[in-house]
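Below, each chain spelled out in residue letters.
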Amino acid sequence: MGRLFGTDGVRGVANADLTAEMALGLSVAAAHVLAEAGTFEGHRPTAVVGRDPRASGEFLEAAVVAGLASAGVDVLRVGVLPTPAVAFLTAELGADLGVMLSASHNAMPDNGIKFLSRGGHKLDDELEERIESVYEEHRTGAPWDRPTGAGVGRVRDDESGVERYVTHLVGVLPNRLDGLKIVLDEAHGAASGASPEAFSRAGAEVVTIGAEPNGLNINEGCGSTHLDLLKAAVVEHGADFGIAHDGDADRCLAVDHTGAEVDGDQIMAVLALAMRDRGVLRERTVVATVMSNLGFKLALEREGLRLVQTAVGDRYVLEEMKEHGYSLGGEQSGHVIILDHATTGDGTLTGLLLAARVAESGRSLRELASVMERLPQVLINVPDVDRARVRTSAELAAAVSDAERELGETGRVLLRPSGTEPLVRVMVEAADIDQARAVAGRLADVVKSALG
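Please read these numbers as outputs of a predicted model, since none were measured by experiment.

## Here's the deal with the pattern of salt bridges
Consideration 1: Applying the stated criterion to the full structure yields 35 salt bridges.
Consideration 2: Across the pair arginine 201 and glutamate 163 runs a salt bridge, and its minimum N-O distance is 3.1 Å. Separated by 38 residues along the polypeptide, arginine 201 in helix H6 (residues 194-201) and glutamate 163 in helix H5 (residues 161-171) bring together distant segments of the chain.
Consideration 3: The class of glutamate 163 is partly exposed, set by a relative accessible area of 42%.
Consideration 4: Among the ionic pairs, lysine 297 bridges to glutamate 301, the shortest N-O distance being 2.5 Å. Residue lysine 297 and its partner glutamate 301 are located together in helix H9 (residues 294-302), separated by four residues, close to a single helical turn.
Consideration 5: Here lysine 297 falls in the partly exposed class, since its relative accessible area comes to 29%.
Consideration 6: For glutamate 301, a relative accessible area of 43% translates into the label partly exposed.
Consideration 7: Shared partners join several salt bridges into a network, and the residues in it are Arg3, Asp125, Glu128, Glu132 and Arg315.

Structure, rendered in structure tokens:
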């Protein structure tokens, strides 16, 4: 069996790759593994289970609930909520386990299962590997102790999730949003109720689009992966800016009043300065992945701040933040983690804090985001090569060194082998787009020659 868990849980086409049987089996395995790990500490465990609005989430939720209850876990079913809300409730309600059913920004036919430990934190690789192992043992017939009678888990619905989550979000804001007009694109997703309520309660005038989920339209032509509707709506309504979430609302991208995109790097730059000014940016450091724009690093350095970079994936950002006590991190794609108030990327929280900075400063989002100049990026995928030799090829190393000398301090080169395909991604940033294209083209030729 190939590895089921990716960087953000188990995902696949619902009822094809990700079946009800798999969801049930993984939930049983997760309960057993966390019990073995001492997570339940000898008491009757409780799990919080939430989902996004996908139609397939209905049957997958039923399977997850059945699996957990059959393993002796009591279940609080919180319904349709964002991933960060489920993480928050797992901590807030003192649950031993959280489960979120979502495929985030993926198209509607996909779905996914994400397990959270006590406190609302993602499971580490070792626990995920053990869950896979136990799942496979059960799948191939290994017996397990099934509780009976009063030992089986009980299931109840908890309808307090939206109110608890919104109250938390509004409560952490440093100032109100009165006077701001904001367009929110909810991607017909999990935050369609919670996000507009939070912004309105914080004082903003809210215009919503993409906030009518029907189970089939999640991420369809809207949300953080399709910003055209939001750009048009911001201009049409004369709004101060717009916020876009993805299907499970762990992402936030923005659009300024002119309709220009403000990406995750720019959002983090704005938040970093706001947190620095309030004295809550610990170690004057931001954590981001190697895919963040070089302009982000240069902007932070100009402001006397430091950037620490990790491998691609918000889980690696979070691990670095937790290990060293940093308070802000994220990805260019809009996963932003404010660790003082959330255990995972939270698109609604990010948007609220961005709006708070606009309101507090009296400056437009366009002006605030101009602290960072995005350098042009050129990305070329080189297929049919031996990606394993990227780090060991002397020819490739020499070509990269030559390119870096040519680009100087205002450019950079990044070679990333794909984790699943026989290809290497060549990324070049430079102040001059023509120079970036030329260097990227030459490096792609070297990759093909050296690794083909």
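Structure shown, so let's carry the discussion forward.
## Quick word on the sheet that holds strand S13 (residues 261-262)
Consideration 1: Pairing is mixed in the open sheet, where five strands are placed in the order S10-S9-S11-S12-S13. The strands lining the two open edges of the sheet, one partner per strand, are strand S10 (205-209) and S13.
Consideration 2: Relative to strand S12 (residues 253-256), strand S11 (residues 241-244) is paired through four bridges, and the arrangement is antiparallel. Looking at S12, one finds that isoleucine 243 is bridged to alanine 254.
Consideration 3: The strands touched by helix H11 (residues 347-361) within the sheet are strand S9 (181-185), S11 and S12, with S11 carrying the most contacts at an inclination of about 165 degrees.

## Re the packing of helix H1 (residues 20-36) against helix H4 (residues 125-139)
Consideration 1: Taken N-terminus to C-terminus, the directions of H1 and H4 make an angle of 120 degrees; their axes are 8 Å apart at the nearest point. For the element pair H1 / H4, the angle class is oblique. Handedness of the H1/H4 crossing: right-handed. When H1 is examined against H4, the residues Met22, Gly25, Leu26, Val28, Ala29, Ala30, His32, Val33, Leu34 and Glu36 are found in contact with a partner set consisting of Leu127, Arg130, Ile131, Val134, Tyr135 and His138.

What counts, and where the lines are drawn
Residues numbered from 1 in each chain as written. Predicted model: local features only at pLDDT ≥ 70, side-chain atom pairs only at ≥ 80, totals over all residues. Heavy atoms only, no water. Salt bridge = Lys/Arg side-chain N within 4 Å of Asp/Glu carboxyl O. Helix = DSSP H or I, 4+ residues; strand = E, 2+ residues; numbered from the N terminus. Buried < 20%, exposed > 50% of the residue type's maximum accessible area, 1.4 Å probe, protein only. Pairing = 2+ DSSP bridges. Contact = heavy atoms within 4.5 Å. Axes fitted to C-alpha atoms, helices over the stretch in contact; angles between N-to-C directions. Parallel < 35°, antiparallel > 145°, perpendicular 65-115°, else oblique. Left-handed = near helix turned anticlockwise from the far one by under 90°.

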